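# A closer look at the structure
Next come the chains, spelled out residue by residue.
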Amino acid sequence: MKRLILAAGLLAGATLAVPAGAATLDTVKQRGQLVCGVSTGFAGFSTPDSQGAYKGLDVDYCRAIAAAVLGDATKIRFVPLTAQNRFTALQSGEIDVLLRNSTQTFLRDASIGLSAGPVNFYDGQGFAVKREAGVSKVADLNGATICVAQGTTHEVTLGDMARARKMQIQPVVFERPDTMYQAFFAGRCDAMTQDASALAGAVSVAPKPGDYMVLAETISKEPLGPFTRNGDEQWTNIIQWVHYGLVEAEEAGVTAANADEQAKGSNPVAQRLLGTSGEFGSRLGLDNRWMLNAIKAVGNYGEIFERNVGKDSPLKLPRGLNGLWSGGGLMYAIPFR
C-alpha cells in the first residue's frame, strides 16, 4: 500500500512539470497554479516564516505573476532551490519561472538554454565582517579566510578579485548559504562574501547583529532578476512585462490601495496599465485586468521594495540604484503604449 501511495504521489508531482516544447502559459492555466522557484532562505527576498509562508521581494514577484496570469496571487506553489539545482529545475520544467537572487550574466543568458528577464534588483558582491576585526575596506582582507557559497557567481568573482589585486585569501566553500551563515557567525571565517543585500539580511537575523557589519565597498555588478526557458517567447514576455508594469505603476502613482480608483480615472497611462483602455493583456494571452490584479495583490515596485528590503523592513536598504530613473536610480519601465 505504501508503494502505491508513493507511486501516486510521484505521478501527481510529475503532472506539475512543463513538458518539453509546451507553452508554459497554457500549462499554468490548465494546472491552475504557478510553480515558482525561490531560495531556501534569503531574508528580504524569499524566506519562509514560522508558519512556512514565504515572504520577500522575489516572493512578491511570484505572487504578482500568479495574479496577472490566474487572477489570484494565492494560486502558487513555492519550490525552494539551492544555487546548484536552481537552473536545472527550470530547464527540466520542474518550475515555471526562477526568482531566486540569481545574477544575470552572459554565460547564463547565452549557454544554458534560459532567458534572463529584466533586472528587478541591482546589487553588488560585498563582504560581511566582525566589527571588532577592524576591517574597513576590501584590501584589509588580505590573508583572510572567506566563507563563500558553492555554485555562485560570488565564488568566481572572489577568485578573480584575489588574482587581480594580488591578494592572498583562503576561500571556505559551502554548498548551502544557511550553513555558510552558521559557519561565519560561529567564527570559522574572517569574512563572508555574497550579494550585499543578502549579507545585510543575514546580519539582521544574526545572533548578535550589532557585532557585524557589511563593508560599503563592493567588487562586482550583480544584476538580479527572473529566468525563464528559451523557446517560449509568450511566457518570457509575460514575466518581463509584469516587472515593467510594477515599475510603471510606481511612476504613475498607482498603488495597491488606489488601483481600482486609478483604473476609473482620466490618466491615460494608468488606463492602459490597468486595462480600461487598449488591449494590452489580450496581446499576451491574458485578461486585460492582468496588471490591475497584480498591483492590487502586491503593490507597485516601490511598495514591494520598501516592504521587503527598504525602510519598512529590518534590512533598511536605501533605494540607491533601485530607485526610479526620475530620482537618479536605474529603474525605468518601457512605456505601455
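These numbers come from a predicted model, not from an experiment.

## What about helix 3 (residues 57-70)?
With 14 residues, helix 3 should cover 20 Å at 1.5 Å per step; its first-to-last C-alpha distance of 20 Å lies within 8% of that length. Where burial is concerned, most of helix 3 is hidden: 13 out of the 14 residues are buried. Trailing helix 3 by a residue or two, G71 shows a phi angle of about 75°, which is positive.

## Here we look at the layout of surface pockets
There is about 450 Å³ of room inside the largest pocket. Around the largest pocket, the lining comprises 24 residues; the ones closest to its centre are F42, A43, G44, T47 and V205. Counting residues per element, the ones that place at least two in the lining of the largest pocket are helix 7 (177-185), helix 8 (196-204) and helix 13 (301-308). Looking at the lining of the largest pocket residue by residue, the classes come out as 11 nonpolar, 9 polar and 4 charged. In this model, the second largest pocket occupies a volume close to 240 Å³. Lining the second largest pocket are 16 residues, and of these D123, G124, A196, A216 and T218 sit closest to its centre. For the lining of the second largest pocket, the elements supplying multiple residues, two or more each, are strand 7 (121-123), helix 8 and strand 13 (222-224). Taken together, the residues of the lining of the second largest pocket break down into 10 nonpolar, 3 polar and 3 charged.

## Topic: the confidence of the model for the chain
In this model, the chain carries an average pLDDT of 91, and 93% of its residues clear a pLDDT of 70 or more. Contacts for the low-pLDDT stretch residues 1-15, under 50 throughout, to residues beyond four places or in other chains number 0 contacts.

## Here's the deal with the sheet that holds strand 11 (residues 191-195)
Across the sheet, 5 strands lie side by side as 10-9-11-8-12; this open sheet has mixed pairing. Looking at strand neighbours, the two that pair on one side only are strand 10 (170-174) and strand 12 (212-214), the edges of this open sheet. Between one strand axis and the next, the sheet turns by 30° as a mean value, whatever way the strands run. Sheet topology note: the strand 8 (residues 125-130)/strand 12 ladder contains 3 bridges and is antiparallel. In the strand pairing of strand 12, A128 is matched with V214. Strands strand 8, strand 9 (145-149), strand 10 and strand 11 of the sheet are contacted by helix 6 (residues 153-165), whose axis makes an angle of about 80° with strand 8. Sitting on the sheet, helix 7 touches strand 8, strand 9, strand 10, strand 11 and strand 12, and the angle it makes with strand 11 is about 150°.

Parameters at a glance
- Residues numbered from 1 in each chain as written.
- Predicted model: local features only at pLDDT ≥ 70, side-chain atom pairs only at ≥ 80, totals over all residues.
- Heavy atoms only, no water.
- Helix = DSSP H or I, 4+ residues; strand = E, 2+ residues; numbered from the N terminus.
- Expected span 1.5 Å × (residues − 1).
- Buried < 20%, exposed > 50% of the residue type's maximum accessible area, 1.4 Å probe, protein only.
- 1 Å grid on protein atoms, 1.4 Å probe; cavity = no way out; pocket = protein on both sides within 12 Å on 5 of 7 lines; lining within 4 Å.
- Points joined across faces, edges and corners; volume = space filled by probe spheres on them.
- Nonpolar A, V, L, I, M, F, W, Y, C, P; charged D, E, K, R; others polar.
- pLDDT = per-residue confidence, 0-100.
- Contact = heavy atoms within 4.5 Å.
- Pairing = 2+ DSSP bridges.
- Axes fitted to C-alpha atoms, helices over the stretch in contact; angles between N-to-C directions.

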